[in-house]
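# Notes for the structure review
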Amino acid sequence: DVKVTQSSRYLVKRTGEKVFLECVQDMDHENMFWYRQDPGLGLRLIYFSYDVKMKEKGDIPEGYSVSREKKERFSLILESASTNQTSMYLCATGRPGGANVLTFGAGSRLTVL
Amino acid sequence: AQSVTQLDSQVPVFEEAPVELRCNYSSSVSVYLFWYVQYPNQGLQLLLKYLSGSTLVKGINGFEAEFNKSQTSFHLRKPSVHISDTAEYFCAGPDTGGFKTIFGAGTRLFVKA
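Heads up: these notes are all about the structure in this document. (Residues numbered from 1 in each chain as written. Chains lettered and ligands numbered in written order. Predicted model: local features only at pLDDT ≥ 70, side-chain atom pairs only at ≥ 80, totals over all residues. Heavy atoms only, no water.)

## Notes on the overall build of chain B
- The helix and strand tally for chain B stands at zero helices and 12 strands.
- Reading the secondary structure of chain B in the N-to-C direction produces β-β-β-β-β-β-β-β-β-β-β-β.
- Here the C-alpha atoms of chain B give a radius of gyration of 13 Å, agreeing with the 13 Å that 2.2 N^0.38 yields for 113 residues.
- Relative to its full complement of 113 residues, chain B shows a buried share of 45%.
- Expressed as a percentage of contacts within chain B between residues at least 6 apart in sequence, the contacts between residues at least 24 apart total 55%.
- In the form shown here, chain B has an accessible surface area of approximately 5300 Å², with 50% of it arising from carbon and sulfur atoms.
- When the 9 basic and 9 acidic side-chain charges of chain B are each reduced to a single mean position, those positions are 5 Å apart. (Helix = DSSP H or I, 4+ residues; strand = E, 2+ residues; numbered from the N terminus. Rg over C-alpha atoms; globule rule 2.2 N^0.38 Å. Buried < 20%, exposed > 50% of the residue type's maximum accessible area, 1.4 Å probe, protein only. Contact = heavy atoms within 4.5 Å. Areas by Shrake-Rupley, 256 points an atom, 1.4 Å probe, with all protein chains shown as cover. Lys, Arg positive; Asp, Glu negative; His and termini not counted. Charge placed at Lys NZ, Arg CZ, Asp CG, Glu CD.)

## Looking at the side chain of Gln6(A)
All names here are of chain A.
- As for its placement among the helices and strands, Gln6 is situated in strand E1 (residues 4-6).
- Residue classification places Gln6 among the buried positions, given a relative accessible area of 6%.
- At 3.0 Å, the side chain of Gln6 forms a polar contact with the backbone nitrogen of Cys91.
- Filtering out sequence-adjacent residues up to four positions away, Gln6 remains in contact with Glu22, Trp34, Tyr89, Leu90, Cys91, Gly105, Ala106, Gly107 and Ser108. (Polar contact = N/O pair within 3.5 Å; in protein donor to acceptor, adjacent residues only side chain to side chain.)

## What to know about the pairing of strand E7 (residues 65-70) of chain A
Residues and elements named next belong to chain A.
- Pairing between E7 and strand E8 (residues 73-78): four bridges, direction antiparallel. Paired with Lys70 across the strands is Arg73, a residue of E8.
- Between E7 and the antiparallel strand that follows it, E8, lie two residues. (Pairing = 2+ DSSP bridges.)

## A word on the interface of chain A and chain B
- Listed as interface residues are 23 residues of chain A and, on the opposing side, 19 residues of chain B.
- Of the roughly 1700 Å² buried where chain A meets chain B, counting both sides, 60% is carbon and sulfur surface.
- At the boundary of chain A with chain B, the tally comes to one salt bridge.
- One salt bridge in this structure joins Asp59(A) and Lys100(B), with 3.7 Å as the shortest N-O distance.
- Joining chain A to chain B, the criterion identifies five residue pairs in polar contact (both at pLDDT 80 or more).
- For the side of chain A that touches chain B, the secondary structure elements donating two or more residues are strand E4 (31-38) and strand E5 (42-49) of chain A.
- Class assignment for the residues of the side of chain A that touches chain B results in 14 nonpolar, seven polar and two charged. (Buried area = accessible area lost by both parts, 1.4 Å probe. Salt bridge = Lys/Arg side-chain N within 4 Å of Asp/Glu carboxyl O. Nonpolar A, V, L, I, M, F, W, Y, C, P; charged D, E, K, R; others polar.)

## Brief notes about the layout of surface pockets
- Looking at the largest pocket, its volume works out to about 360 Å³.
- Considering the residues around the largest pocket, the lining is formed by 22 residues, among which Gln37(A), Arg109(A), Gln38(B), Glu88(B) and Arg108(B) are closest to the centre.
- Every element with two or more residues in the lining of the largest pocket is listed here: E4 and strand E9 (87-94) of chain A together with strand E10 (87-94) and strand E12 (107-112) of chain B.
- Of the residues that constitute the lining of the largest pocket, the class distribution is 10 nonpolar, eight polar and four charged.
- Size it by volume and the second largest pocket reaches roughly 220 Å³.
- What lines the second largest pocket is Val101(A), Leu102(A), Thr103(A), Phe104(A), Gly105(A), Ala106(A), Gln42(B), Gly43(B), Leu44(B), Gln45(B) and Leu46(B).
- Looking at the lining of the second largest pocket, the elements with two or more residues in it are strand E10 (103-104) of chain A together with strand E6 (44-50) of chain B.
- Among the elements that line the lining of the second largest pocket, the one with the most residues is E6(B), at three residues.
- Within the lining of the second largest pocket, the residues separate by chemical class into six nonpolar, five polar and no charged. (1 Å grid on protein atoms, 1.4 Å probe; cavity = no way out; pocket = protein on both sides within 12 Å on 5 of 7 lines; lining within 4 Å. Points joined across faces, edges and corners; volume = space filled by probe spheres on them.)

Right under this line is the structure:
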């Protein structure tokens, strides 16, 4: 089975801090995604990548950036964390073409004080 | 662009009772539809998917869903729920470009003893 690992399950940061959320997958999937999950809003796409060094903005990219230097690793960066970025962040992977079924990591719950 | 609407934010039900979680979609292209489940403190996992063929799709843990093109619905059903089915359920489908996945807002299923 595909395994998607998010290294930090719970983080507490202060306003203005730089935050890195790491995601690593072990099954050679080309596509990787970062979502944030908020109650009543479902999952909203922040950024995605379909190849190394490639990235595309999702629906809510403001305040975030990403890095994909290796195929298996996709990082989400909050350059200057703000309280409205307190949320659950979910990484997902998928293969190109077809239905793009997603496999998710366990999530990283970020609290910004 | 495609949209996915989950009609109920919360569904309480007694153990061993049947349940239906409702999902409507809009799309002008070929339709792939999914249901994902999120157990407490975990990421999402695929419950079932409709790609083509039979409109009745069976998934894990005794769940099934029926694709209804005329009503643009993809409702999730289980004839007899267990306490362990308590979770949040997300309906999802591809956007018009077919690359990104759009999620509904989620339905919290509470199974009571």
